[in-house]
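Results of the structural survey
Read off the chains here:
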Amino acid sequence: MGRRVYTEFPAYIRIPLHGFVGIALVLLMLPLAVALPISFNADPWFTYPFRAVSLRWFEQLFSSPLWTGAMINSLVIAISTTVVATTLGTLAAIGLVNPRFPFRTAVMALAISPMIVPVVVLGLGLFIFFSPLGLNYSYAGVVIAHTILASPFVVITVTATLTRFDFNLMRAAAGLGAGRVTAFRTVMLPIIAPGVAAGAVFAFASSFDEVVMVLFIAGPQQRTLPKQMFTGLREQLDPTILAGAAVMIILTSCLMAAVYNANKNR
């Protein structure tokens, strides 16, 4: 439907739009295209162009206990955040898409507010709130904090998918004797799966790349890869930071490509 409507625009509108999108993509990709090759630099400093190509920084990334521990922490926290945020965000979206939901607009604004509130303000507030609860410097505290940041992405993507969902299918399933959970699992979830998967990828990426909240909530045992990179930038410039950035970008890109291909083949 969206593609058909777009093709109805005259050429003098479509061509500038193509140019604007192309410029936006170049501006987004150019910093990555410039920075990532430095991770293959053989010299122990940031230089460009560099004299020789080497994988020494990737070897250090995967051999150093400090870096490997940070990567494991990032994966554990990001996966846990993805599961919790996807579950809560999907359930919230199903409730908020109902026009009879009380205070729907206010609740929706509250649900997506972590995307608007500065992360520093949110991190400081959570640090103060978590202190009497004993959640600071714990994995549970970091996962909760990341879930607060990641859930809005799930709410938005699933809500957009649900606007095209025919709820008469749920009524038909109920008329055939299916319970709410069974109807959701067998009827609704397969149809809205692309939106749920996209929200899960955004939740994973937002948690895996997040550093500000970790600086407030996490302790030495919860050191993540972005925090280790941030610490490295402050204390010692090490090309291993760029190797870690390359791994983060490749992992996130692979997840997004997998979701795109899965939705394309549906």
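For the structure, see preceding data.
To start, this report covers the structure provided alongside it. (Residues numbered from 1 in each chain as written. Predicted model: local features only at pLDDT ≥ 70, side-chain atom pairs only at ≥ 80, totals over all residues. Heavy atoms only, no water.)

1. Some remarks on the overall build of the chain
When helices and strands are counted, the chain shows 12 helices and 0 strands. Along the chain, helices and strands appear, N-terminal first, in the series α-α-α-α-α-α-α-α-α-α-α-α. Each principal axis of the C-alpha atoms in the chain carries an extent, and together these give about 65 × 60 × 30 Å. Taking all 266 residues of the chain together, 37% fall into the buried category. Sequence separation of 24 or more characterises 66% of the internal contacts of the chain that already satisfy a separation of 6 or more. A total of about 15500 Å² of accessible surface is found on the chain, and carbon and sulfur atoms cover 72% of it. (Helix = DSSP H or I, 4+ residues; strand = E, 2+ residues; numbered from the N terminus. Buried < 20%, exposed > 50% of the residue type's maximum accessible area, 1.4 Å probe, protein only. Contact = heavy atoms within 4.5 Å. Areas by Shrake-Rupley, 256 points an atom, 1.4 Å probe, with all protein chains shown as cover.)

2. So, the layout of surface pockets
By volume, the largest pocket amounts to about 620 Å³. As for the largest pocket, its lining consists of 17 residues, of which I94, N98, F167, M170 and M188 are closest to the centre. No other element matches helix α9 (residues 180-208), which puts 5 residues into the lining of the largest pocket. The residue makeup of the lining of the largest pocket, split by class, is 11 nonpolar, 3 polar and 3 charged. Each pocket or cavity is described by its volume, and for the second largest pocket that value is around 330 Å³. Taken together, L25, L28, M29, L32, L36, D209, A245, M248, I249, T252, S253 and M256 make up the full set of residues lining the second largest pocket. At 6 residues, helix α12 (residues 240-264) tops the list of elements feeding residues into the lining of the second largest pocket. Partitioning the lining of the second largest pocket into residue classes produces 9 nonpolar, 2 polar and 1 charged. (1 Å grid on protein atoms, 1.4 Å probe; cavity = no way out; pocket = protein on both sides within 12 Å on 5 of 7 lines; lining within 4 Å. Points joined across faces, edges and corners; volume = space filled by probe spheres on them. Nonpolar A, V, L, I, M, F, W, Y, C, P; charged D, E, K, R; others polar.)

3. With respect to unusual backbone geometry
With phi around 55°, F103 is a residue other than glycine that occupies positive phi space. The class for F103 is exposed, based on a relative accessible area of 69%. Despite not being glycine, Y137 shows a phi value in the positive range, around 60°. Mapped onto the elements of the fold, Y137 is located in the loop between α6 (119-130) and α7 (139-162).

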